[in-house]
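# A look at the structure
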Amino acid sequence: MFLWLWPIGWSAFALPLAIASLRGWAPKSVRRRITPWGIRVRGVALLVIWVGGLIVPLLQHSGLDTDDAAFLGAVVQVGFLMFAAGLMGGSQLGEWFYRRAVQPKELDETLSTAGRPW
């Protein structure tokens, strides 16, 4: 029973968040901090995490020996989580570089209009 309850609950929780992020939806506070492509990249990372959460129940239903399924599930889950972390970290790093590239232009515009930069 639990083996079917986990994929259903996990899908009901994680899949709508991932699809919403892929479509570009995010709360207003997140949209102020992150560009639309950054939200979509994080949606892909959420989909990867969703698939990683389904690995163990699927392997347990596959008919593999329990030791083999546990080892393969652990290795695959760690791989999926590392890939998702890389996507999120890359997205955050891209946002940081984008902000650093845009910031001097905004300061130049402020100084050229004789406004105070602070």
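In case you missed it, the structure is sitting above this.
In this text the structure is predicted, and so the values were computed from the model without any measurement. (Residues numbered from 1 in each chain as written. Predicted model: local features only at pLDDT ≥ 70, side-chain atom pairs only at ≥ 80, totals over all residues. Heavy atoms only, no water.)

This part covers helix 3 (residues 36–61). With 26 residues, helix 3 ought to run about 38 Å at 1.5 Å a step, and its terminal C-alpha atoms sit 38 Å apart, in line with that. By the largest-angle criterion, Ile-55 marks the main kink of helix 3, which is about 35°, and a proline, Pro-57, follows within four residues. Residue Gly-63 follows helix 3 closely and has a positive phi angle near 95°. (Helix = DSSP H or I, 4+ residues; strand = E, 2+ residues; numbered from the N terminus. Expected span 1.5 Å × (residues − 1). Bend = angle between axes of the 7 residues up to and from the residue.)

A surface patch of positive charge is lined by Lys-28, Arg-31, Arg-32, Arg-33 and Arg-99. In terms of residue count, helix 2 (residues 28–33) provides more of the positive patch than any other element does, four residues in total. By the element assignment, Lys-28 lies in helix 2. (Patch = residues over 30% accessible without salt bridge, like charges linked within 9 Å, V, L, I, M, F, W, Y side chains within 5 Å. Areas by Shrake-Rupley, 256 points an atom, 1.4 Å probe, with all protein chains shown as cover. Salt bridge = Lys/Arg side-chain N within 4 Å of Asp/Glu carboxyl O. Lys, Arg positive; Asp, Glu negative; His and termini not counted. Charge placed at Lys NZ, Arg CZ, Asp CG, Glu CD.)

Moving on to a nonpolar patch on the surface. Residues Leu-93, Trp-96 and Phe-97 make up a contiguous nonpolar surface patch of about 320 Å² in total accessible area. Inspection of the secondary structure puts Leu-93 in helix 4 (residues 66–112). For Leu-93, a relative accessible area of 46% translates into the label partly exposed. (Buried < 20%, exposed > 50% of the residue type's maximum accessible area, 1.4 Å probe, protein only.)

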